[in-house]
Amino acid sequence: MQFATPRFTSALLCQQWKEEAASLYQNRKVMRLIGEPLSEKESEVVASTFIEANKRPWPAQKVWSITCNQTQAFCGIQMLCKSVLQDTAEIGIILAPSMNGKGAAREAMGALVEFGLENLNLHQIVAQFEKRHLATKRLVTQLNFKQSDDNCFQPSKTNLVTYTFNR
């Protein structure tokens, strides 16, 4: 389950990038509109859980590391989590702070949307995020996600908004 763009390669998160992935969850700036930063121990558990989930066949949650094709540097993670609804998954991305503002999220997440539609036979991809996260709103809008009014996707927390991409 690997795919690439001109600048990035996304491969299932493995032990090689565990520490870098865990560090994203400890970073206050990265987590500011997601939740409280995690402790080192908590973030290591999260990264380990992702790696273990990646060993199971789809439709288990899958988390990919994003690396730069030119430098092989770690750039972030992105995920698809299968919904209880048929042919639907939730998408998410967390970039390393050094990658912000460089079009990395659009390129990597766009490739993940395409991968999900073509290789995992998804018909709908859902993005839920904090209303104040304007960069994510801009990203999903650029990727042709539409704000959803469908009650089955409305999060229980009123500070979240839902966007969907339909095949």
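Residues numbered from 1 in each chain as written. Predicted model: local features only at pLDDT ≥ 70, side-chain atom pairs only at ≥ 80, totals over all residues. Heavy atoms only, no water.

A. Structural context of the sheet that holds strand 1 (residues 3–4). Strand order across the open sheet formed by eight strands is 1-2-3-4-5-6-8-7, with mixed pairing between neighbours. Looking at strand neighbours, the two that pair on one side only are strand 1 and strand 7 (146–147), the edges of this open sheet. Note that strand 1 and strand 2 (residues 8–12) share two bridges and pair antiparallel. Paired with Ala4 across the strands is Thr9, a residue of strand 2. Contacting strand 4 (74–82) and strand 5 (88–95), helix 1 (residues 18–26) runs over the sheet at an angle of about 80° to strand 4. Sheet contacts for helix 4 (residues 104–119): strand 1, strand 2, strand 3 (62–68), strand 4, strand 5, strand 6 (124–130) and strand 8 (160–166); angle to strand 5, the most-contacted strand, approximately 155°. (Pairing = 2+ DSSP bridges. Helix = DSSP H or I, 4+ residues; strand = E, 2+ residues; numbered from the N terminus. Contact = heavy atoms within 4.5 Å. Axes fitted to C-alpha atoms, helices over the stretch in contact; angles between N-to-C directions.)

B. Representation of the packing of aromatic side chains within the structure. Applying the stated criterion across every chain, the model contains seven aromatic pairs. Geometrically, the ring pair formed by Phe129 and Tyr163 is stacked, given 5.5 Å between the ring centres and 25° between the ring planes. With Phe129 in strand 6 and Tyr163 in strand 8, the pair connects residues that are 34 residues apart, well separated along the chain. Take Tyr163: its relative accessible area is 6%, and that puts it in the buried class. By way of ring pairs, the aromatic residues Phe3, Trp64 and Phe115 are connected into one cluster. (Phe/Tyr/Trp six-rings, centres within 6.5 Å; stacked < 30°, edge-to-face > 60°. Buried < 20%, exposed > 50% of the residue type's maximum accessible area, 1.4 Å probe, protein only.)

C. A look at the pattern of salt bridges. In the structure shown here, the tally under the stated rule is three salt bridges. A salt bridge links Glu107 to Arg7; its shortest N-O distance comes to 2.7 Å. Separated by 100 residues along the polypeptide, Glu107 in helix 4 and Arg7 in the loop between strand 1 and strand 2 bring together distant segments of the chain. (Salt bridge = Lys/Arg side-chain N within 4 Å of Asp/Glu carboxyl O.)

D. Looking closely at the nonpolar core. With 46 residues, the main nonpolar core has Leu13, Leu24, Ile77, Leu80, Ile91, Ile125 and Phe145 as its most contacted residues. With nine residues, helix 4 is the single largest residue contributor to this core. Excluding anything up to four places from it in sequence, Leu80 contacts Trp58, Gln61, Lys62, Trp64, Ala89, Glu90, Ile91, Leu112, Gly116, Leu120, Leu122 and Ile125. (Core = buried A, V, L, I, M, F, W, Y, C linked by side-chain atoms within 4.5 Å.)

E. A look at the environment of Gln78. In this structure, Gln78 sits in strand 4. Each C-alpha atom, one on Gln78 and one on Leu134, is 18 Å from the other, the two residues being 56 residues apart in sequence. If we ignore the near neighbours within four places in the chain, the residues touching Gln78 are Phe3, Ser10, Lys62, Val63, Trp64, Ile66, Gly92, Ile93, Ala108, Met109 and Leu112. In terms of polar contacts, Gln78 uses its side chain to reach the backbone carbonyl oxygen of Ala108, at 3.3 Å. Side-chain polar atoms of Gln78 contact the backbone nitrogen of Met109, separated by 3.4 Å. (Polar contact = N/O pair within 3.5 Å; in protein donor to acceptor, adjacent residues only side chain to side chain.)

In short, shape yes, function no, at least from these values alone.
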